Amino acid sequence: MKITKYIIGLGIMAGTVISLPSCTELSETVYDQVMSQNYYNTKQDVINAVFRPFEHIYESIVRRHEHEELTGDQLITPTRGTWWYDGGKWEKYHYHQYDDINQEDWTNEWEGMYGGIGQCNLVLDDLSQLNPSKFNLSDSEFDSFKAQLRCMRAYCYLRLLNSYRNCILTTTSDQAVNEQPENRKQVSPQVMFDFIESELRDVCLVALPSKIGQSGNGGQQGQFTKAGAAALLVRLYLNAEKWIGQPKWQECIDMCERITGGEFGYYAIADNWYEPFDWNNEMCNEVILGFPGSYGLTSWHLKNDKRTVYGRALPYGCEKYLKIEGDGSRNPKYALSPSYNNQQPRALFDYELGMVTQKFAKYAGDKRYKQYVNTSNNTREGMFFMEGKIANSSISGGYAKNPDNQYVLYLLDQVGRFEGNAESGYIANPNYQESKLGNGDFNSGLYCVKYPFYPFDGGYFIESDYTEIRLAEIIYSQAECLLRLGQAGEAGKLLNSVRKRNYENFTADIAYQPEGNVVLDLKEMLDEWGREFLAESRRRTDLIRFGRFQDAWWDKKRDADTHYELFPFSQTQLEQNEYLKQNPGYPDIAR
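So, how was this worked out
Residues numbered from 1 in each chain as written. Predicted model: local features only at pLDDT ≥ 70, side-chain atom pairs only at ≥ 80, totals over all residues. Heavy atoms only, no water. Salt bridge = Lys/Arg side-chain N within 4 Å of Asp/Glu carboxyl O. Buried < 20%, exposed > 50% of the residue type's maximum accessible area, 1.4 Å probe, protein only. Helix = DSSP H or I, 4+ residues; strand = E, 2+ residues; numbered from the N terminus. Axes fitted to C-alpha atoms, helices over the stretch in contact; angles between N-to-C directions. Parallel < 35°, antiparallel > 145°, perpendicular 65-115°, else oblique. Left-handed = near helix turned anticlockwise from the far one by under 90°. Contact = heavy atoms within 4.5 Å. Nonpolar A, V, L, I, M, F, W, Y, C, P; charged D, E, K, R; others polar. Core = buried A, V, L, I, M, F, W, Y, C linked by side-chain atoms within 4.5 Å.

## Structural notes on the pattern of salt bridges
Phase 1 of the analysis: Taken as a whole, this structure holds 47 salt bridges when the rule is applied.
Phase 2 of the analysis: With a shortest N-O distance of 2.6 Å, Arg-558 and Asp-551 are connected by a salt bridge.
Phase 3 of the analysis: With a closest N to O distance of 3.3 Å, Lys-556 and Asp-559 form a salt bridge. Summarising the burial analysis for this pair, Lys-556 and Asp-559 share the class buried.
Phase 4 of the analysis: Salt bridges here are not isolated pairs; linked through shared partners, they connect Arg-64, Arg-235, Glu-468, Glu-473, Glu-480, Arg-484, Arg-538, Asp-542 and Arg-545.

## Some remarks on the environment of Ser-394
Phase 1 of the analysis: Tracing the sequence through the fold places Ser-394 in the loop between strand 8 (384-385) and strand 9 (447-448).
Phase 2 of the analysis: Residue Ser-394 is classed as partly exposed on the basis of its relative accessible area of 46%.
Phase 3 of the analysis: Sequence separation between Ser-394 and Asn-505 is 111 residues, and the spatial gap between their C-alpha atoms is 36 Å.

## With respect to the packing of helix 6 (residues 108-127) against helix 7 (residues 139-163)
Phase 1 of the analysis: Interaxial distance between helix 6 and helix 7 falls to 9 Å at its minimum, and their mutual angle equals 160°. Judged on the interaxial angle alone, helix 7 and helix 6 are roughly antiparallel. As for how helix 6 packs across helix 7, the hand of that crossing is left-handed. The residues of helix 7 that touch helix 6, namely those facing Glu-109, Trp-110, Met-113, Tyr-114, Gly-116, Ile-117, Cys-120, Asn-121, Val-123, Leu-124 and Leu-127, are Phe-142, Lys-146, Leu-149, Arg-150, Met-152, Arg-153, Cys-156, Tyr-157, Arg-159, Leu-160 and Ser-163.
Phase 2 of the analysis: Taken together, the residues of the contact of helix 6 with helix 7 break down into 14 nonpolar, three polar and five charged.

## So, unusual backbone geometry
Phase 1 of the analysis: Cis peptide bonds are those with omega within 30 degrees of zero, and the linkage from Gln-344 to Pro-345 qualifies with -5°.
Phase 2 of the analysis: Position of Pro-345 relative to the elements: it lies in the loop between strand 5 (335-336) and helix 14 (356-361).
Phase 3 of the analysis: For the bond from Gln-513 to Pro-514, the omega torsion is 10°, close enough to zero to count as cis.
Phase 4 of the analysis: By the secondary structure assignment, Pro-514 is in the loop between helix 16 (488-499) and helix 17 (522-532).

## What to know about the nonpolar core
Buried together is how nonpolar side chains tend to be arranged in soluble globular proteins.
Phase 1 of the analysis: Counting residues in hydrophobic clusters, the biggest one holds 162 residues, and the most contacted among them are Ile-196, Phe-453 and Leu-534.
Phase 2 of the analysis: Not counting the four nearest positions on each side in its chain, Ile-196 is found in contact with Ala-154, Tyr-157, Leu-158, Leu-161 and Leu-236.

Structural data, given as structure tokens:
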């Protein structure tokens, strides 16, 4: 269906002779002896090697999603009876309790990104020894392949800078070089920032191809283009004040304008909010970078196992409602933070953050804020599982029940042990009356369905590519920078250009000034980021940039300080690398 999917699939075969490098030592041999000498025989071999790291990074998105969303105010993983306690891990994410350095979940992103960097470095070193003419490749094509790897490496370093700030910089797979003491030490955030900027600006924007045509990425889906590299620069500049202490608002605006102005190819906001996530989103002009996904190959974001993101963002028992029984039952990991307490009658919490449903309900006629339903084998409407029962399509008048078939599920915008009393709103067990993460059941929490789950047998089941970067992000980034520079009116116009598709009637009471009556300030800007990019693996970053990450929200007290804006290094990592320094505020080992 999608050409690049098959390129990536071949890349997976290339990966069968690759082992991930140690992400702390950065010095393991990655190819075996035979592979290093004999692998590159055809042009396809070169393509397989270049795109192998892309599959690894695509698989890594679940780790980023946990770090970004479960530490934020919008998504939660409540304990549901005996399900999802997992030694209190998800509570530690939610409460910002990362001080146990023997728990290595905090370093998943470090391990994953250095695995990708090691693969990129290895293939770059291999390519430096090859003659492109042997593979019927021009010098410009060969340079473009190298730029793909350098752009992916920069992407990995950007994620590391975001999560850990104090990172190791390596650009070779040479074990002897990486083992030298100076190369096992962390570099300053400024050095890392400058490296990422230089790679993207001076190499990738030059050597990568521009987008071709006006019908989405098509066959270019799954690879970087100039716009993809430019979008990474937007992310770098947008967060510069937090990452290196120097605001880069104007630099961010300038790069956004180059993308929206068409310098790197044609991109446009889709007519409908769901198009960047739909089964044919390789044809959507809003998508700048997507990882190809397909049920027949790989679909890491939609799979129904522990490595998924959206495959476990559905309520238990919904498979018959969606007609996806062929993919098994659902194990609900990601739910929305609740807006209501457990009193009788219930009342809204008064938190400024979280309160997801109320943020959407604030503006009338939001097309997203309705029950998700498949209207055919490849069309849908609504973005949520709303309050109420879940119809069982296989039984006339039947409804989904909890895993033990003890009670009919009735989803609530609340967290508590309601069990069979959910529809009446009464807690079944008074010992679990308090609204907190550890007191949930299978009624607790609503769900965001960003990507469609079309019927299993309809031919379009989990065919959506994973959208890593879309044009709306560029427009929102530019708007935020303008707002911070005192140009609220221009910022409002930009946001309105996207927001208007989300409402049945985009009236003056919904539009930002000067086109409407709504005042745009930093609080509203953060709320709008939360609406447009709900469950897109970025909430922690946005909260930190707005200085709100340490604030209180549902079932979380205000943090004592800001050191939880970074993740710690594990005891194992610190023991493996004597030069690795722990991030401030966390326990260290005896040196």
